[in-house]
Structures are given as structure tokens and as C-alpha cells.
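Listed below, chain by chain, are the residues.
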Amino acid sequence: MQTGRQWFDAQPDAVKRQMVPVSAYDDLAAGRLRLDDFVHLDRNDRWGDRYRQGSITQAKEAAKKRVAGVTLPQVAEVQPRRFVAVPQITSRKDAEQYFTSIGVTVENWGGAKETWQLVANAYADELTATGSVPGNLRFKAGSNKGDVAAYARSVNTSTGDLISEYVRIYSNSTYWKDPDSVRKQIVDNGFWSSEDPNHPIVHEFGHWRHAQVITQDKFGFGFKYDGQVFSNKSFGSTARRVTAQKVSRYGATSPPEFIAETYAGLRSGNTYDQDVMDLYRLYGGPEVKQSEPRKRKAS
Ligand SMILES: [Zn+2]
């Protein structure tokens, strides 16, 4: 039987590259993972053993074994986790009490207690790590193009006054029915920047924080930060889009999504190359405590 390494070495370069999810590029560049860590052996009595592309989690496990005795960076240990007590949520009353206790108003209740628990966990983690969370939360049964969650902000275009701002959970989305396996699929194909169970909600927190430091074009075409105007739709250059691609495929779709995906990635303990961090700061990306501190201009 071939070893994974032998099998991998025999593959064409194009196959080798395809085996690596975009979100693993930084780990590869830093030498924490090697291409052959992505070779995963599937054992099957009926069909026989075969090699296939492993997930990032499996690659990290493989890397650990490979460097046995060498300590790898333990992402989970460097970030504060769940120091704010989250109660076991067994009813809507539990959920209401919890969100009230952290100052979050919930409108349009919907969904199941498992979903409320996950959402509560995400809010608790955010509160612990950063000291603040958006104050309004809404549920919506109808899923918008398969969306899991959203951040919505509405501003009076004449006066600039804020009309409403909330995080929305699409409670009927397939995601909330089986979050772990749906998330694994999405992360494995490079679409999201982290495997954190909180990811889709932290992503919306990223949009929310970004909205506090930028000025939106009143027609929704662009945003202004630090005296510069940026498009909501386009990076304006291939180089910037390629940089955003290092974070995730979703992050490469537009500057606001790049901010939200990078924020969620940083919050999950990911580290990024200098060009990613430079682009994040150029657009006004929210500071994350785990990364190097930066000064923000008083506004
Ligand atoms: Zn988004």
C-alpha cells in the first residue's frame, strides 16, 4: 500500500494545488501545514481504501502527528472563550431572559431552541472578547437566497439619522438545522474564513462594527473611511481582490464582505499576511484584540 506521501508525490501539480482550501494558504505559507498534510486516507471495507482531500481540521491533525514533539500554535488557547456564562437554553423564556440580561432587544422571535443557544453563545463570546454587541436582534423565517444571517442598517437619506439597525437570523435556513455539517462543507470549499461555530454571526458583528466607523454613500454604492471613498461592490483592482481571496472566497466578493470575513477570521484566532492586514485597515476594518493593536483616529 502507498503511503499518503507517495500517493501525493505521484499527483500532477494541478491536483496538488486543488487539494488545498484557500483558507489554508496562510498556514501553508507559514509552514504550519504542508501540502501532503491534506492527504486523507478513507478506509472502507467494501470499496477499499482511497486517498482524498482532507479538511483543514484533518490537515491540522496530520500536521500535528507529522511534527510530533513540536508544539503547534494552539489557536483556541490564545483567545478568551466563554467567560460570560451562557445558560442552557431550553425554552424561549430562557432565551429572552439571557438576551435581556446582556442588553439585547429581540424582535420577531422565531426558530428553535438549538438555534437560540448557538446565537446566545456567539453573543456571549463577542461580549467577552470585545465588550460590546449590537443591541437589536431579529429572526426571520423566510430564508433570503439561503442566507444564514444578515446585518441590516437603515439610515434617513436626508438627515443621515439612523432609522434601524439589527442582526437578522434566517431561522429556517438549512444551516441552523445542521450547523456543524453545513459549516464543514462551506469551510472545506474555502467559502468561509473560519470553522468557528459562531462564524456566521461573528461575520455580521464584523459588518456592524465596520458600519460604526464608515460613512455609507446614501445610495448604497460605496462607503467612506479616513477620507477615501470605496465601492461596496468592487475592489477596484485585481491585486486587492487576490489579497482578499487569501481570507476566503466570500471575502473576495466585495470590500464589505472582505471586512466581515477577515473580522470573523481574526476573532477565531487566524493570522493573516501583511497585505491582508493592510487592506483590512485601509477599509477601516475593526480592531481585533488578538492581533497587534492599532490606533484609530478619533472621530
Ligand atoms: Zn456579509
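Numbering of residues begins from 1 in every chain and follows the order in which that chain's sequence is written. Only residues with pLDDT of 70 or above have their local features reported here, since the model is predicted, and side-chain atom pairs are shown and tallied only from 80 upward, although totals for entire chains, interfaces and linings are computed over all residues.

A. How the structure looks around the overall build of the protein. Runs of H or I in DSSP of at least four residues are treated as helices and runs of E of at least two as strands, each being numbered from the N terminus. Scanning the protein from terminus to terminus reveals 13 helices and 9 strands. Residue burial in the protein is summarised as follows: out of 299 residues, 34% are buried. The long-range fraction of contacts in the protein, counting pairs at least 24 apart against all pairs at least 6 apart in sequence, stands at 63%. With C-beta atoms placed from the backbone, a residue is buried if 20 or more other C-beta atoms are within 10 Å of its own, exposed if 12 or fewer are, and partly exposed between those counts. Placing C-beta atoms from the backbone, we regard two residues as in contact once those atoms come within 7 Å.

B. Fine view of the sheet that holds strand β9 (residues 228-231). If you walk across this open sheet you meet the 3 strands as β7-β8-β9, and the pairing is antiparallel. Of all the strands in the sheet, the pair left with one neighbour each is β7 (215-216) and β9. Across 4 bridges, strand β8 (residues 222-225) lies against β9 in antiparallel orientation. Bridging from a neighbouring strand, K224 pairs with V229 of β9. Note on pairing: two strands pair once DSSP finds at least 2 bridges between them.

C. Up close: the nonpolar core. In this structure, V119 and A120 are the most contacted members of the largest nonpolar core, which totals 46 residues. Only α6 (92-101), α7 (113-130), β5 (149-155), β6 (162-170), α8 (174-177), α10 (199-213), α12 (255-267) and α13 (274-282) provide two or more residues apiece to this core. Ranked by residues supplied to this core, first place goes to α7 with 7 residues. With near-sequence residues (within four places) excluded, A120 lies in contact with V86, I89, A95 and Y98. In plain words, the nonpolar core is the set of buried Ala, Val, Leu, Ile, Met, Phe, Trp, Tyr and Cys residues that C-beta atoms within 7 Å link up. Counting 7 residues, the second-largest nonpolar core is a separate cluster that includes A24, A59, V187 and W192.

D. Representation of α7 within the structure. Helices are assigned an expected span. That span is 1.5 Å times one less than the residue count. Given a rise of 1.5 Å per residue, 18 residues ought to cover 26 Å, and the 25 Å separating the end C-alpha atoms of α7 matches this to within 8%. On its buried side, α7 packs onto α6, β6, α8, α9 (179-188) and α10. Phi for G131, located one or two positions after α7, is positive at around 85°.

E. Highlighting the packing of α7 against α10. Packing of α7 against α10 leaves a shortest axis separation of 9 Å and a crossing angle of 50°. Compared by their axis directions, α7 and α10 come out oblique. Between α7 and α10 the crossing geometry is right-handed. Contacts between α7 and α10 pair V119, A122 and E126 from the former with I201, V202 and F205 from the latter. Lines are fitted to the C-alpha atoms to define the axes, a helix being fitted only along its stretch in contact, and any angle between axes, read from their N-to-C directions, falls within 0 to 180 degrees. Just so you know how the angles are binned, under 35 degrees is roughly parallel, over 145 roughly antiparallel, 65 to 115 roughly perpendicular, and the rest oblique. Note: crossing handedness is left-handed where the near helix turns anticlockwise from the far helix by less than a right angle, and right-handed where it turns clockwise.

F. Examining the sheet that holds strand β3 (residues 105-107) more closely. Spatially, the 4 strands line up as an open sheet ordered β3-β4-β6-β5, and their pairing is mixed. With partners counted over all chains shown, the strands left at the sheet margins are β3 and β5, one partner each. Strand-to-strand twist of the sheet, defined as the mean angle between neighbouring strand axes without regard to direction, takes the value 25°. Here 3 bridges tie β3 to strand β4 (residues 136-140), and the two strands are oriented parallel to one another. Counted as the bridge partner of V106 is L137 from β4.

G. Structural context of unusual backbone geometry. At N108, a position not held by glycine, the phi torsion is positive, near 55°. By the element assignment, N108 lies in the loop between β3 and α7. Overall, the presence of 13 C-beta atoms within 10 Å leaves N108 in the partly exposed class.

H. Fine view of the environment of A239. Among the secondary structure elements, A239 is positioned in helix α11 (residues 238-245). Residue classification places A239 among the exposed positions, given that 11 C-beta atoms sit within 10 Å.

I. Expanded view of the packing of α11 against α13. Contact geometry of α11 with α13 gives a least axis separation of 9 Å together with a crossing angle of 110°. Overall, the two elements α11 and α13 adopt an arrangement that is roughly perpendicular. Seen along the crossing, α11 lies across α13 with a hand that is left-handed. When α11 is examined against α13, the residues R240, T243 and A244 are found in contact with a partner set consisting of D275, V276 and L279.

J. Structural view of the pairing of β6. Summarising the sheet, β4 and β6 pair through 4 bridges and their orientation is parallel. Looking across to β6, one finds that L137 is bridged to V167. Taken together, β5 and the strand that follows it, β6, pair antiparallel across an intervening segment of 6 residues, in which G160 is found at a positive phi of about 80°.

K. Main features of the environment of G103. For G103, the position within the fold is in the loop between α6 and β3. On the neighbour-count criterion, G103 (10 C-beta atoms within 10 Å) is exposed.

L. Region of the structure containing the confidence of the model for the protein. Of the residues in the protein, 77% have a pLDDT of 70 or more, and the chain-wide mean is 82. The low-confidence segment residues 44-49, where pLDDT is below 50, has 4 contacts with residues more than four positions distant or belonging to other chains. Residue range residues 71-83 is modelled with pLDDT below 50. Its contacts to residues more than four positions away, or to other chains, number 19 contacts. pLDDT gives the predictor's per-residue confidence on a scale running from 0 to 100.

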